[in-house]
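Structure assessment
What follows is each chain in one-letter form.
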Amino acid sequence: MSQGSPGDWAPLEPTPGPPASPNPFVHELHLSRLQRVKFCLLGALLAPIRVLLAFIVLFLLWPFAWLQVAGLSEEQLQEPITGWRKTVCHNGVLGLSRLLFFLLGFLRIRVRGQRASRLQAPVLVAAPHSTFFDPIVLLPCDLPKVVSRAENLSVPVIGALLRFNQAILVSRHDPASRRRVVEEVRRRATSGGKWPQVLFFPEGTCSNKKALLKFKPGAFIAGVPVQPVLIRYPNSLDTTSWAWRGPGVLQVLWLTASQPCSIVDVEFLPVYHPSPEESRDPTLYANNVQRVMAQALGIPATECEFVGSLPVIVVGRLKVALEPQLWELGKVLRKAGLSPGYVDAGAEPGRSRMISQEEFARQLQLSDPQTVAGAFGYFQQDTKGLVDFRDVALALAALDGGRSLEELTRLAFELFAEEQAEGPNRLLCKDGFSTILHLLLGSPRSAAAALHAELCQAGPSRGLSLCQFQNFSLHDPLYGKLFSTYLRPPHTSRGTSQTPKASSPGSPTALANGTVQAPKQKGD
């Protein structure tokens, strides 16, 4: 996605950003009355039989998966399995897996292009990752090795299949796990064809297929050639997409099994050979492969990704949470009967005051321990478990709804602006700016810091004045609309604001989809 030139920014003038990105995290399934009738009939007749038979086949996979690794030591499993185990178990799992997907309605797997050998491309990267049906791509790839969460080993049948696959396992709870995974991926990818190919879904999570999420660098760390693999579901009705917001697991499974026939297209693109610069820089390598795949798919390559457990979309040059935690905090406090308008008086402008969870509860007059813990957890804590009361004051002022946007942005500036050694003016520096955008828009602090640097580059100072900050947050054609959307979600009355629907004109989704469209800038 075009990021524009830092020199394009003029802090004192409204500056349009690049066009807004599509929102890949929301999938809305619209059914006509006739389609609802069809799904009711087929869902009652066809889906139960298909799902039952598919689960039977799934459990039949277990003996083959178990047999391949039975009696082998951990040391033996560090090398690729060969011999009769490989022949019998591999072919058994491959055949039953195809039968499983056939029973779920995937009657045709259409393959285009030529799969490269393990010597030509040790790594396969598949996208877009849109559903839990995507493992069907393993079949035309001859069951390559995969990367999976270590927690999946405890899932019945799935754990056995991961052991059969000799999958590379990563644990979210072990910081050293990621380093070991990187080393293992590099070891297998540079084995000279000894190991089968490794398949990655570089987006790391599911989307709605309307745009590619930012590729994670894990598949590109080894610096070896990769073969991009495209996955398409060219069906008249998209029942397979399983996005962050949209139909759940059971609904997707049931609707897809109710389709008379589902088709999946798997296309192998030419092998991508990295340049010396790409071999040294996995992020550059990942970004360039993402662009190639997006161009082949005819969809945008975006910077959208998951940060922690929250989806982050791109609006202009800024990353923002699809649903800021501020809204969730508001729900928690409203449920507790709190009216937040009075609390900000305890925060001193420009000075941090760290408070504990107990003081937080006293200040907000909250008594329920669960509510206190839930509300306190929305704020960033230091190593001692304390939070800055300025963060609390700004969040509660935004939730109160009694201030205009101009008053709210002025309060934010007064709370976080810093006194300067020379001159009487106070300036909003990088940390304060990042904190404000993180609290109000859910922006990752690193993304907000980068935007702050661009805003300050055209001026002589290292911070923003009140005029410059309000010019950015109130009057910029794109970011002004963003602030008004996030800080004034549709509401019925004061204190009862509701989260905007994905399709509403003023929602973050509408911003990301281009309802608020800015003039295009030069760039790739």
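What counts, and at which threshold
Residues numbered from 1 in each chain as written. Predicted model: local features only at pLDDT ≥ 70, side-chain atom pairs only at ≥ 80, totals over all residues. Heavy atoms only, no water. UniProt positions renumbered as here; feature names shortened; annotations may be inferred. Helix = DSSP H or I, 4+ residues; strand = E, 2+ residues; numbered from the N terminus. Buried < 20%, exposed > 50% of the residue type's maximum accessible area, 1.4 Å probe, protein only. Contact = heavy atoms within 4.5 Å. Pairing = 2+ DSSP bridges. Axes fitted to C-alpha atoms, helices over the stretch in contact; angles between N-to-C directions. Salt bridge = Lys/Arg side-chain N within 4 Å of Asp/Glu carboxyl O. Phe/Tyr/Trp six-rings, centres within 6.5 Å; stacked < 30°, edge-to-face > 60°. Lys NZ or Arg CZ within 6 Å of the ring centre and 35° of its normal. Parallel < 35°, antiparallel > 145°, perpendicular 65-115°, else oblique. Left-handed = near helix turned anticlockwise from the far one by under 90°. Nonpolar A, V, L, I, M, F, W, Y, C, P; charged D, E, K, R; others polar. pLDDT = per-residue confidence, 0-100. Core = buried A, V, L, I, M, F, W, Y, C linked by side-chain atoms within 4.5 Å. Patch = residues over 30% accessible without salt bridge, like charges linked within 9 Å, V, L, I, M, F, W, Y side chains within 5 Å. Areas by Shrake-Rupley, 256 points an atom, 1.4 Å probe, with all protein chains shown as cover. Arc of directions from axis to C-beta.

The name recorded for the protein chain in an unreviewed UniProt entry is Lysophosphatidylcholine acyltransferase 4, from Piliocolobus tephrosceles. Turning to the protein chain, the UniProt record has this under Subcellular location (unreviewed entry): "Membrane". The record in UniProt for the protein chain states the following under Sequence similarities (unreviewed entry): "Belongs to the 1-acyl-sn-glycerol-3-phosphate acyltransferase family."

1. Some details on the overall build of the protein chain
Within the protein chain, the secondary structure is distributed over 17 helices and 14 strands. Scored against the burial criterion, the 524 residues of the protein chain give a buried share of 51%. In the protein chain, 73% of the contacts between residues at least 6 apart in sequence involve partners at least 24 apart.

2. What about the sheet that holds strand 4 (residues 168-170)?
With respect to topology, seven strands assemble into an open sheet ordered 1-7-6-2-5-3-4, the strand pairing being mixed. Each edge of the open sheet is held by one strand with a lone partner, namely strand 1 (106-112) and strand 4. Ignoring which end each strand starts from, the neighbouring axes of this sheet average 25° apart. Of the pairings in the sheet, the one linking strand 3 (residues 145-149) to strand 4 comprises three bridges and is parallel in character. Paired with Arg-149 across the bridge in strand 4 is Val-170. Across the face of the sheet, helix 4 (residues 175-189) comes into contact with strand 2 (123-127), strand 3, strand 4 and strand 5 (198-200) while running at roughly 165° to strand 4.

3. Describing the pattern of salt bridges
Scanning the entire structure with this criterion turns up 17 salt bridges. Arg-187 is the salt-bridge partner of Glu-184, the closest N and O atoms lying 2.8 Å from each other. Pair noted here: Glu-184 and Arg-187 are both in helix 4, with a separation of three residues, about one helical turn. With relative accessibility at 15%, the residue Glu-184 sits in the buried group. Here Arg-232 makes a salt bridge to Glu-267, at a shortest N to O gap of 2.7 Å.

4. Some words on the environment of Pro-300
By the secondary structure assignment, Pro-300 is in the loop between helix 7 (282-297) and strand 8 (305-307). We classify Pro-300 as partly exposed; its relative accessible area is 33%. Taking the C-alpha atoms as reference points, Pro-300 and Gln-290, separated by ten residues in sequence, lie 9.5 Å from one another.

5. Thoughts on the UniProt feature "transmembrane region" (unreviewed entry) in the protein chain
Here, the residues flagged by UniProt with the feature "transmembrane region" (unreviewed entry) are residues 39-62. With 100% helix and 0% strand, residues 39-62 has end C-alpha atoms that lie 32 Å from one another.

6. Quick notes on the packing of aromatic side chains
Scanning the entire structure with this criterion turns up 17 aromatic pairs. With a centroid separation of 5.6 Å and an interplanar angle of 50°, the aromatic rings of Phe-433 and Phe-472 are classed as tilted. Of the two residues, Phe-433 is situated in helix 13 (residues 430-441) and Phe-472 in helix 15 (residues 466-475); the sequence distance between them amounts to 39 residues. Judged by relative accessible area, Phe-433 falls into the buried class, the value being 0%. A connected cluster of aromatic rings, assembled from ring pairs, spans Phe-101, Phe-106, Phe-132, Phe-133, Tyr-233 and Trp-242. For the cation-ring pair, Lys-38 lies above Phe-39, with the distance from its terminal atom to the ring centre recorded as 5.2 Å.

7. Quick notes on the packing of helix 13 against helix 14 (residues 445-457)
At their nearest, the axes of helix 13 and helix 14 sit 8 Å apart, and the two run at 125° to each other. The orientation of helix 13 relative to helix 14 falls into the category oblique. Our pair here, helix 13 against helix 14, has a crossing hand that is right-handed. Contacts between helix 13 and helix 14 involve Lys-430, Phe-433, Ser-434, Thr-435, Leu-437 and His-438 from the first element and Arg-445, Ala-448, Ala-449, Leu-451, His-452 and Leu-455 from the second. Class assignment for the residues of the contact of helix 13 with helix 14 results in six nonpolar, four polar and two charged.

8. Quick notes on the packing of helix 1 (residues 33-69) against helix 2 (residues 84-103)
Two numbers describe how helix 1 lies on helix 2: the axes approach to 9 Å, and their chain directions differ by 170°. The orientation of helix 1 with respect to helix 2, classified from their angle, is roughly antiparallel. In terms of residue class, the contact of helix 1 with helix 2 is made up of 18 nonpolar, four polar and three charged.

9. Some remarks on the confidence of the model for the protein chain
Within the protein chain, residue pLDDT values average 83, and 85% of them lie at 70 or more. At the level of individual helices and strands, the protein chain shows its lowest average pLDDT in helix 17 (residues 508-513), which scores 51, and its highest in strand 6 (residues 226-232), which scores 97. Here residues 490-506 is modelled with pLDDT under 50, and outside its nearest four sequence neighbours on either side it reaches 33 contacts, counting other chains as well. Here residues 513-524 is modelled with pLDDT under 50, and outside its nearest four sequence neighbours on either side it reaches 29 contacts, counting other chains as well.

10. Some thoughts on the nonpolar core
Judged by nonpolar contacts, the single largest core of 61 residues is most densely connected at Phe-360 and Leu-437. Looking at which element gives the most residues to this core, the answer is helix 11 (residues 389-400), with nine residues. Excluding anything up to four places from it in sequence, Phe-360 contacts Ile-355, Leu-366, Val-372, Ala-375, Phe-376, Phe-379 and Val-392. By size, the runner-up hydrophobic cluster in this structure holds 41 residues, among which are Val-51, Phe-101, Ala-126 and Leu-138.

11. Quick word on a nonpolar patch on the surface
Taken together, Ile-49, Leu-52, Leu-53, Ile-56 and Leu-60 make up a surface patch of nonpolar side chains, about 450 Å² in accessible area. Examined against the element boundaries, Leu-52 turns out to sit in helix 1. Given a relative accessible area of 53%, Leu-52 falls into the exposed group.

12. Details of the environment of Gln-470
Inspection of the secondary structure assignment puts Gln-470 in helix 15. Excluding residues within four positions of it along the chain, Gln-470 makes contact with Glu-406, Thr-409, Arg-410 and His-475.

13. Points about helix 8 (residues 325-335)
Every buried residue belonging to helix 8 is among Leu-326, Trp-327, Leu-329, Gly-330 and Leu-333, and all of these are buried. Angularly, the buried residues of helix 8 cover 155° about the axis, an arc narrow enough to put them on a single face. Following helix 8 by one or two positions, Gly-337 adopts a phi angle in the positive range, close to 80°.

14. Brief notes about the sheet that holds strand 8
Taken in spatial order, the three strands of this open sheet run 8-9-10, and their pairing is antiparallel. The sheet is open, and its two borders are formed by strand 8 and strand 10 (318-321), each paired with just one other strand. Averaged over all neighbouring strand pairs, the angle between strand axes comes to 45°, with direction disregarded. Pairing between strand 8 and strand 9 (residues 310-315): three bridges, direction antiparallel. Bridging across to strand 9, Glu-305 finds its partner in Val-312.

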